[in-house]
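Summary of structural features
One letter stands for each residue in the lines below.
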Amino acid sequence: MPTPIKLSSRNDYESFLEKFDTFLLDCDGVLWHGNTLLPGVREVLALLRQKGKRLIFVTNNSAKSRASYSLKFKKLNIEVNENEIFCSAYIAAYYLKNILKFPKEKKIYVIGESGITEELDLEGIRSCGSSEDDDGKDFDFNDIHPDPTVGAVLCGLDTRINYKKIAKAFNYLYSNPDCLFLLTNDDSTIPYNGTLYPGTGSLVAPLIKSLNRNPDAVMGKPNKPMMDCITNEFQLDVERTCMIGDRLNTDIQFGINGKLKTLLVLTGISKEHDILIKNAPIVPDYYLPSLGDFSELCK
Amino acid sequence: MPTPIKLSSRKDYESFLEKFDTFLLDCDGVLWHGNTLLPGVREVLALLRQKGKRLIFVTNNSAKSRASYSLKFKKLNIEANENEIFGSAYITAYYLKNILKFPKEKKIYVIGESGITEELDLEGIRFCGSSEDNDGNDIDFNNIYPDPTVGAVLCGLDTRINYKKIAKAFNYLYSNPDCLFLLTNDDSTIPYNGTLYPGTGSLVAPLIKSLNRNPDAVMGKPNKPMMDCITNEFQLDVERTCMIGDRLDTDIQFGINGKLKTLLVLTGVSKEHDILIENAPIVPDYYLPSLGDLSELCK
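Residues numbered from 1 in each chain as written. Chains lettered and ligands numbered in written order. Predicted model: local features only at pLDDT ≥ 70, side-chain atom pairs only at ≥ 80, totals over all residues. Heavy atoms only, no water.

Chain B carries the name 4-nitrophenylphosphatase in an unreviewed UniProt entry, which gives Acaulospora morrowiae as its organism. The record in UniProt for chain B states the following under Catalytic activity (unreviewed entry): "4-nitrophenyl phosphate + H2O = 4-nitrophenol + phosphate + H(+)". (UniProt positions renumbered as here; feature names shortened; annotations may be inferred.)

Per an unreviewed UniProt entry, chain A carries the name 4-nitrophenylphosphatase and comes from Acaulospora morrowiae.

Now the structure itself:
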């Protein structure tokens with residue numbers, strides 16, 4: 001594995017930016033922590049736009065729809081167009097509609113939040129579950145029965161997950177082997193408040209274990225559906241496109257899979273140690289402490 | 001693997017019973033389905049007692065304490081002494097008290113129901129979690145912080161599981177590598193209403209995946225803590241002791257591990273096909289369709 005190049009001087013930043021016309025940017029851990037923009041990020045994004053770079057935002061976080069993310073950017077005073085935002089909830093709806101051609105008479109059982117149901121609604125895909133099953137009290141096994149109109153189970157992050165949702169999803173999949181098993185993403189953890197919490201990849205583990213079955217498709221980075229959705233809307237010159245992210249096994253792997261160049265920032269999940277150890281399995285082309293470091297060029 | 005012997009005639013039943021003085025009996029899928037006693041079971045248990053056989057009830061189901069199981073037997077008109085009942089909740093409390101010698105100043109974070117907390121109370125072991133965290137709505141990440149007085153996280157079946165419980169348990173284990181990680185059992189599914197549902201082994205999977213860590217100990221069948229607890233209270237002549245169960249990878253494996261003889265009944269999880277296929281990994285010594293078949297001897 002070639003050694004990753006550390007960007008640390010004005011010269012480094014300038015020549016790096018000249019290599020690329022398009023940047024794919026992860027959001028959590030790169031642009032912001034929760035609702036707090038990271039230092040220098042606003043200036044850097046404005047600089048990139050000023051230089052005529054194309055920006056595409058790519059997030060595995062399934063909690064929000066494109067429209068909601070657009071609002072978040074606006075609240076943080078960052079210029080963005082909704083069609084530049086590729087979040088896993090949107091990818092799932094796109095994939096179901098255009099790749100799977102999900103039948104109109106079927107519905108999706110959703111373990112996940114409003115980001116997912118909003119995107120499914122926009123594509124006219126019928127769904128059930130989600131917030132309807134938030135009340136986990138008085139769980140009754142007798143309320144659970146197979147439903148052949150459920151053509152797929154889709155799991156995203158659900159901070160209101162409960163036994164009822166897990167049992168219903170299990171039942172739909174167990175009773176009907178043709179029912180599809182889809183994930184918005186499989187990040188095992190999510191960063192929050194400076195520490196980690198269980199992510200979608202962990203919340204879906206009870207289904208994988210009890211069914212002894214892996215998902216049929218995973219939408220988000222580093223997987224293909226996310227990339228296919230982007231390239232369906234934007235032509236990418238891979239030689240002049242760079243993926244910027246904070247997580248090696250999703251963001252950087254996604255860039256590598258797409259034959260893009262990659263830049264790791266250290267404001268999120270992965271640490272410098274992870275890429276400098278001998279035989280590191282995933283290594284970016286470039287890295288630097290934070291995206292905000294580029295704001296040096298604004299001075 | 002020797003072929004399992006099918007018991008099907010009066011003669012078979014008689015000579016089988018003569019071989020053994022002690023029977024270890026699983027409950028779910030052997031004696032009852034939910035709260036419904038299986039046909040012939042009451043007569044068979046009475047017959048075994050009449051013949052002077054010792055009965056020991058061995059269940060991975062963590063939902064009830066010994067006292068609660070004792071009540072269940074009473075309601076079903078079956079003679080059972082509380083000290084003959086080994087539920088995984090009881091085993092856990094026993095193990096924490098006598099094997100781990102869990103420190104008095106520490107507490108256990110429990111994902112599980114009242115069976116577990118009742119048994120911990122009886123052994124004077126401090127705990128938190130369980131029903132206190134049943135309200136899963138409005139999870140506040142700011143309410144989750146490390147607590148060095150939590151010396152162990154214990155998971156059992158919890159039909160009120162939610163993200164808050166998973167996140168808290170994750171946090172206690174992630175922030176303190178010395179915090180123990182214990183399971184009452186790891187059955188991946190549980191039988192109910194003629195079908196399956198996710199079991200403890202599946203509900204704990206989010207923790208295993210997000211922490212990238214396996215439990216330090218699992219109490220129930222087929223593991224050693226359950227057997228050690230039984231042999232601490234009863235001397236077993238292994239040559240004349242038979243384990244009767246419905247699940248190959250827990251009940252029968254438990255008998256095999258303890259060098260006991262084993263009898264599989266087909267009124268629960270495992271099917272005849274599972275033991276007759278070539279290279280079946282786990283095979284009982286004997287099998288028959290149901291425990292109630294032995295009631296032939298009552299006529």
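Description of the domain arrangement of chain A
All names here are of chain A. The domain boundaries assigned to chain A delineate domain 1 (5-60 + 222-279 + 287-298) and domain 2 (99-218). Each of domain 1 and domain 2 was reduced to a C-alpha centroid, and the two centroids are 30 Å apart. Contact residues are listed per partner, giving six residues for domain 1 and seven residues for domain 2. Taken together, both faces of the contact between domain 1 and domain 2 bury some 650 Å²; the carbon and sulfur share is 51%. The residue Arg247 makes a salt bridge to Asp187 at a minimum N-O spacing of 4.0 Å. Taken together, the links from domain 1 to domain 2 amount to two residue pairs in polar contact (both at pLDDT 80 or more). Across the side of domain 1 that touches domain 2, the residue classes tally to two nonpolar, three polar and one charged. (Domains from an automatic or database assignment. Contact = heavy atoms within 4.5 Å. Buried area = accessible area lost by both parts, 1.4 Å probe. Salt bridge = Lys/Arg side-chain N within 4 Å of Asp/Glu carboxyl O. Polar contact = N/O pair within 3.5 Å; in protein donor to acceptor, adjacent residues only side chain to side chain. Nonpolar A, V, L, I, M, F, W, Y, C, P; charged D, E, K, R; others polar.)

As for unusual backbone geometry
A cis amide bond links A:Lys221 with the next residue in sequence, A:Pro222, at an omega value of 10°. Here A:Pro222 is to be found in the loop between β13 (217-218) and α9 (224-233). Cis geometry marks the peptide bond from B:Lys221 to B:Pro222, where omega comes out at 5°. Note on placement: B:Pro222 falls in the loop between β13 (217-218) and α9 (224-233). Even without being glycine, A:Asn212 reaches a positive phi, approximately 55°. Locating A:Asn212 in the fold gives a position in the loop between α8 (205-211) and β13. Classification of A:Asn212 by relative accessible area gives exposed; the value is 72%. Even without being a glycine, B:Lys259 presents a positive backbone phi close to 60°. With respect to the helices and strands, the residue B:Lys259 is situated in the loop between α10 (248-257) and β15 (261-265). Since its relative accessible area comes to 63%, B:Lys259 is described here as exposed. (Helix = DSSP H or I, 4+ residues; strand = E, 2+ residues; numbered from the N terminus. Buried < 20%, exposed > 50% of the residue type's maximum accessible area, 1.4 Å probe, protein only.)

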